[in-house]
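Observations on the model geometry
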Amino acid sequence: MGIKWHAHCIFHLLFFILNFQTNNAAVKRSIDMSAAYSLNTDDRLPKSVLPISYEIHLEPNYEECTFSGLIKIKLSWAADSKKISLHAHHDLNINDRKIKMHKINQKYGDENSTDYVAVLRGSRIPKKNIYVVYLKETIMQGTECTLEIPFDGNIWSSAEGFFTGSYENTTYFATNLRLNNAHRLFPCFDEPGFKVPFIFSITRPKELVALFNTPLNQSTEHPKLNEYVIDFFEKTPPMSTFTFGFFISALQLYKSTNIMTSSQPIIQMWTLKDDENQLEETYIKIVTIYNKIKHYFGTHIPLSKIDVVCIPDLPLARPVDNWGLLLFGKRDLLRKGHYDITHELIYQWLGSWVTPNWWNDAHLNKAIASFLASDIVLEIDGGVEFNGKYPMTTLYSLYYEFSKRYPHSRITGMKQETISHKTELVLRMLNFTLSKKSFQNGIRNFILEYQYKTFCGDDFWESLNSQSLKDGTLKPHLNVGVIVNTWFAYHRLPVVKVLRDYTEKTAILQQKVYLRERPHDVPEQEKMLWWIPILLNRQDALNFSSGCPYLWMENKKQINIQNMPEKDQFIIINYEEIAPFPVNYDNKNWKMLSDILQTDNGRKQIPPYTRAKLLHDAWNLAFAGDLSFSAALNMTLFIKYERNHIVWNPVFTFIDQIGRHIDESEVHAKFESYVIFLLAPFYEELGEELSIEDNWKTDIRTLTKRFLCRAGYKPCIKEAEQTFEIWQNTTNPNHEYPEASHYLCPIFKWGSLEKWQFGLERVMQFPKSRKLSERTHLLKALAGCPTQPEKIEQLLKITILEDHSNFTENDKFLILTSLTSGSSHYSLLNFVSTNWMTLRQKFKNKTNLWDHLIGSATGFFLNSERL
């Protein structure tokens, strides 16, 4: 390019960036949707009568997809009561005249006594999944009884409760009782806090196999049905109803040469016989993962077997993790990598054996499983499948979400997901700051204390706290529960600003709410404070291996620290993204960091995750208005020499964001030159794609090429033109499509009006035999990529003014949306202004399209002149 980029050159970009966001954002409603934990607290049962055990027999009618059953619940009275409340779904049929109950002679242990208690009636509470059995007499505290309830219901095609599915003309029957679907199958105390043993039996055709949480005890001939048997399974350990599960099908037991015979539990895989040659590697993987988890927790699960079932077409987004019985979709089970299987196996310990007391702690259980799964995968193979993006992908998404004026306002159902992700990152923080050894031993103690029991969040934090105090990795006046509660108290994250006094060798650290989206008018933000670990690295004593905090910012807005290095030495706080917060520095420290990263030795001294953090923090602090864009752009200068893909992950985001905000300005051409200056050397070094290469190389090559094409990189434009000309010269271009469709955008942006019109003709003559998605992609490129006003004006004239019959109303919506997100927003505004009266009349009765047209034309301004 012949261009030398220095800090002063970048200054000319700034005038068009500083006021990139307008203050006319509409107020959005934030709706708290906790659908993932959907059992309303009003459906919780009283604690006057408690279950001791269940004995269940099911008799499915496999042809009619119905079932009948009998449940015997051993009960204990914690308080005097003459009624029993259970969960029963409204689709579960119960004949209250057949309900029986008798007292247990506790003195002699006689559970089959004839001391019956009269049942007056049974009835449902309106609008609740609660069934109440009313008794004639009051049962006194301490009494034990057996309640017998016959029931019947339907086997569903939707994958919840007791459901059926099929593969290759073979039907299977299975259960999915998470979160609270056990009461779809049988009346019970369907809350995770009730953990009791189960005795289970089920009728099945002789040619099928039945699997349950525990191994088969015995099978007997059915007394009435000749082609059926009844399977009786071993008694389960105490467990929650949602971990109950069975599976019935014609699957075959996979016989591996690596079966674990010397230890418990035995891991067995069940699958189609034709799949056996694909499963040896998967079986070895499962055994390896199990042993890694067992080693981490220091104990086996208390089961004699784990069945893993491979189902070709499991209609669920995630596997079914019954205790001792895992149901995987074939694609999920055979997928490369270790994370998914590790995540599900961890639930055998934390989830099934040790269980959250209620669903409001399920996010903690999920976060623990997610963090430990990632940690174990990193140990197994270095986390190859993460492609260098863990934990950055999760962390960056949280930075963006929690820095909005109204978090979760657009995708309300994501709230619980982001809470779980934040909890996972807090766990990662504790794993460093408390030390890995204290963290691991704390979890081991937690499992031993709460095995077969349930826990709440405070129980888990106290286990970590006790172990850390014992090991001396946490100072006596600190408390893990107090620390983490500040991180969960707000749907926000903090930012720490560091102001150094280079003469006195001191620094002031200030914390506040991190707000990226303007205006920063979040209510009560001054009251939001966190306990923040200050992990400090200094140029004269670099050490990135320690996770021990220099100190804790103890719920204070500002603290002073002493003994800072000399004035020509930088410091780095929160290196390696150990805690989830960005850090801002004074300009001098930023300048020293930028300078050192532009040297080979500096990039060797500072690890990739820390280099990525410095780049990501600087850029986002500039967007938040807390750092000058000059300093932020200076931090990108080292990227020209950077070759680690982890550091490149945030680069493309900031290029995209700044490119959009200066898209129509006179400085945009300079920015595109700067993009080529940064990206071209790395792209050229990557070379052509190889048949076998690391995933990160493929990803980085694709991204750099896309952004180089967008910026007008000449080799890319030349390649795009050659590909496009092949399409133009085909005999019937309407039935062809360019092999590399990503070349469409650079052609429509940089190519001639003739080439753009060729693309428009292909849309207008698009044959019905082709995939509609190809037409959509082509139309989006035609609208969203060009910068020349004449192209946009022609498209709008044909589609909006002339109302051409080849374009549907959905096409018009797509075009307007593409124009808003592309580089031709101002062309749309000019079009609306020029044709205002005509358009008003034309859309008089098309209010939806009119609203979208005006919103698209006036909803996104880059400067006050346009506004």
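For the structure, see preceding data.
Below is a summary of the structure that appears in this document.

Cut-off values and rules
Residues numbered from 1 in each chain as written. Predicted model: local features only at pLDDT ≥ 70, side-chain atom pairs only at ≥ 80, totals over all residues. Heavy atoms only, no water. Helix = DSSP H or I, 4+ residues; strand = E, 2+ residues; numbered from the N terminus. Polar contact = N/O pair within 3.5 Å; in protein donor to acceptor, adjacent residues only side chain to side chain. Contact = heavy atoms within 4.5 Å. Pairing = 2+ DSSP bridges. Axes fitted to C-alpha atoms, helices over the stretch in contact; angles between N-to-C directions. Core = buried A, V, L, I, M, F, W, Y, C linked by side-chain atoms within 4.5 Å. Buried < 20%, exposed > 50% of the residue type's maximum accessible area, 1.4 Å probe, protein only. Disulfide = S-S within 2.5 Å. Expected span 1.5 Å × (residues − 1). Salt bridge = Lys/Arg side-chain N within 4 Å of Asp/Glu carboxyl O. Phe/Tyr/Trp six-rings, centres within 6.5 Å; stacked < 30°, edge-to-face > 60°. Parallel < 35°, antiparallel > 145°, perpendicular 65-115°, else oblique. Nonpolar A, V, L, I, M, F, W, Y, C, P; charged D, E, K, R; others polar. Left-handed = near helix turned anticlockwise from the far one by under 90°.

**Some points on the side chain of glutamate 693**
Structurally, glutamate 693 is set in the loop between helix H17 (668-686) and helix H18 (695-711). Only 2.8 Å separates the side chain of glutamate 693 from the side chain of threonine 698, close enough to count as a polar contact. The residues touching glutamate 693, leaving out its near neighbours within four places in the chain, are Thr698 and Arg701.

**A look at the sheet that holds strand S10 (residues 170-176)**
Read from one edge of the open sheet, four strands run S9-S10-S15-S12, paired in antiparallel fashion. Two strands bound the open sheet, and with one partner strand each, they are strand S9 (161-167) and strand S12 (209-212). The average angle at which neighbouring strand axes cross in this sheet is 15°, direction not considered. Alignment of S12 against strand S15 (residues 246-249), held across four bridges, turns out to be antiparallel. Its bridge partner lying in S15, valine 209 is registered against serine 249.

**Side note on the nonpolar core**
In this structure, Ile84 and Phe244 are the most contacted members of the largest nonpolar core, which totals 244 residues. In terms of residues, this core owes the most to one element, H17, which gives 11 residues. With sequence-adjacent residues up to four places away left out, isoleucine 84 is seen in contact with Val49, Leu75, Trp77, Met101, Tyr131, Val132, Val133, Leu135, Leu147 and Phe189. Counting residues in each nonpolar core, the second largest holds 16 residues, with Leu272, Val309, Leu314 and Val320 among its members.

**Here's the deal with the state of the cysteines**
This structure, assessed with the given rule, holds two disulfides. A sulfur-sulfur separation of 1.4 Å characterises the disulfide bridge that pairs cysteine 709 with cysteine 716. Residues cysteine 709 and cysteine 716 share a disulfide whose torsion about the S-S bond is about 75°; that sign makes it right-handed. Two residues share a disulfide in this structure: cysteine 745 and cysteine 785, whose sulfurs sit 1.9 Å from each other. On the S-S bond that ties cysteine 745 to cysteine 785, the torsion sits near -110°, and the link is left-handed. Highlighted residues: cysteine 745 in helix H20 (residues 744-750) and cysteine 785 in the loop between helix H22 (772-784) and helix H23 (789-801), separated in sequence by 40 residues. On the basis of relative accessible area, cysteine 785 is assigned to the buried category, the value being 9%. Disulfide partners in the chain, listed by the sequence order of the bonded cysteines, are 1-2, 3-4.

**So, H18**
A rise of 1.5 Å per residue sets the reference length of H18, with its 17 residues, at 24 Å; its end C-alpha atoms lie 25 Å apart and thus fit the reference within 8%. For H18, the full list of buried residues reads Trp696, Ile700, Arg701, Thr704, Lys705, Phe707, Leu708, Cys709 and Ala711. Buried residues belonging to H18 abut helix H15 (645-648), helix H16 (651-661), H17, helix H19 (714-728) and H20. At the C-terminal side of H18, glycine 712 shows a positive phi close to 90°.

**With respect to the environment of leucine 686**
Within the secondary structure, leucine 686 sits in helix H17. When its relative accessible area of 14% is taken as the criterion, leucine 686 is described as buried. Each C-alpha atom of the pair leucine 686 and arginine 701 lies 6.8 Å from the other, and the pair is 15 residues apart in sequence. Dropping the residues within four chain positions of it, leucine 686 is found in contact with Trp696, Lys697, Ile700, Arg701 and Thr704.

**What to know about the pattern of salt bridges**
As enumerated under the stated definition, the model contains 38 salt bridges in all. With a closest N to O distance of 3.2 Å, arginine 184 and glutamate 160 form a salt bridge. One end of the pair, arginine 184, is in the loop between S10 and strand S11 (198-205); the other, glutamate 160, is in the loop between strand S8 (144-154) and S9, and 24 residues separate them in sequence. We classify glutamate 160 as partly exposed; its relative accessible area is 30%. Residue aspartate 321 is joined to arginine 318 by a salt bridge in which the shortest nitrogen-to-oxygen separation is 3.0 Å. Given a relative accessible area of 5%, aspartate 321 falls into the buried group. Three or more residues are tied together by salt bridges with common partners; here these are Arg178, Arg318, Asp321 and Glu344.

**A look at the pairing of strand S7 (residues 130-139)**
Here strand S3 (residues 81-87) pairs with S7 via six bridges, running antiparallel. Counterpart to histidine 87 in the pairing with S7 is isoleucine 130. With five bridges connecting them, strand S6 (residues 119-124) and S7 associate as antiparallel partners. Within the sheet, the bridge partner assigned to arginine 124 lies in S7 and is tyrosine 131. What sits between S6 and S7 in their antiparallel hairpin is a turn of five residues, with lysine 127 showing a positive phi close to 65°.

**A closer look at the packing of aromatic side chains**
Per the counting criterion, the structure on display carries 53 aromatic pairs. A centroid spacing of 5.1 Å and a plane angle of 35° characterise the contact between tyrosine 290 and tryptophan 349, whose relative ring orientation is tilted. With tyrosine 290 in helix H2 (residues 280-297) and tryptophan 349 in helix H4 (residues 339-349), this residue pair connects regions lying 59 residues apart in the sequence. What makes tryptophan 349 buried here is its relative accessible area of 0%. Here a set of aromatic residues connected by ring pairs shows up, and it is made of Tyr54, Phe67, Phe151, Phe162, Phe186, Phe198, Phe200, Phe212, Phe233, Phe244 and Phe246.

**Side note on the side chain of aspartate 43**
Position of aspartate 43 among the secondary structure elements: in the loop between helix H1 (7-10) and strand S1 (49-61). Of the residues examined, aspartate 43 reaches a relative accessible area of 9% and is grouped as buried. In contact with aspartate 43, not counting residues within four places along its chain, are His87, Lys128, Asn129, Ile130 and Glu191.

**Observations regarding the packing of helix H9 (residues 457-471) against helix H10 (residues 480-488)**
Close contact between H9 and H10 brings their axes to 8 Å; oriented N to C, the two are set at 135°. When the interaxial angle is binned, H9 and H10 end up oblique. In this structure, H9 contributes Trp461, Leu464 and Asn465 to the contact, and H10 contributes Val480, Gly481, Val484 and Phe488. A class-by-class count of the residues in the contact of H9 with H10 yields five nonpolar, two polar and no charged.

**Quick notes on the packing of helix H6 (residues 392-402) against helix H7 (residues 415-433)**
Packed helices, taken two at a time, are described by the angle between their axes plus the distance between the axes. Contact geometry for H6 and H7: axes closest at 10 Å, N-to-C directions at 125°. By the criterion of interaxial angle, the relationship of H6 to H7 is oblique. For the pair H6 and H7, the crossing hand works out as left-handed. Packed against H6, whose contacting residues are Thr394, Leu395, Leu398, Glu401 and Phe402, the element H7 presents Thr418, His421, Lys422 and Leu425 at the interface. When its residues are assigned to classes, the contact of H6 with H7 shows four nonpolar, three polar and two charged.

**Describing the sheet that holds strand S18 (residues 305-311)**
Judged by pairing direction, the sheet is mixed, and its five strands sit side by side in the order S16-S17-S18-S20-S19 without closing on themselves. Each end of this open sheet is capped by a strand with a single partner; those strands are strand S16 (252-254) and strand S19 (320-322). On average, each strand axis in the sheet is inclined to that of its neighbour by 25°, with strand direction left out of account. Along the sheet face, H4 touches S18, S19 and strand S20 (325-329) and points at about 160° away from the line of S20.

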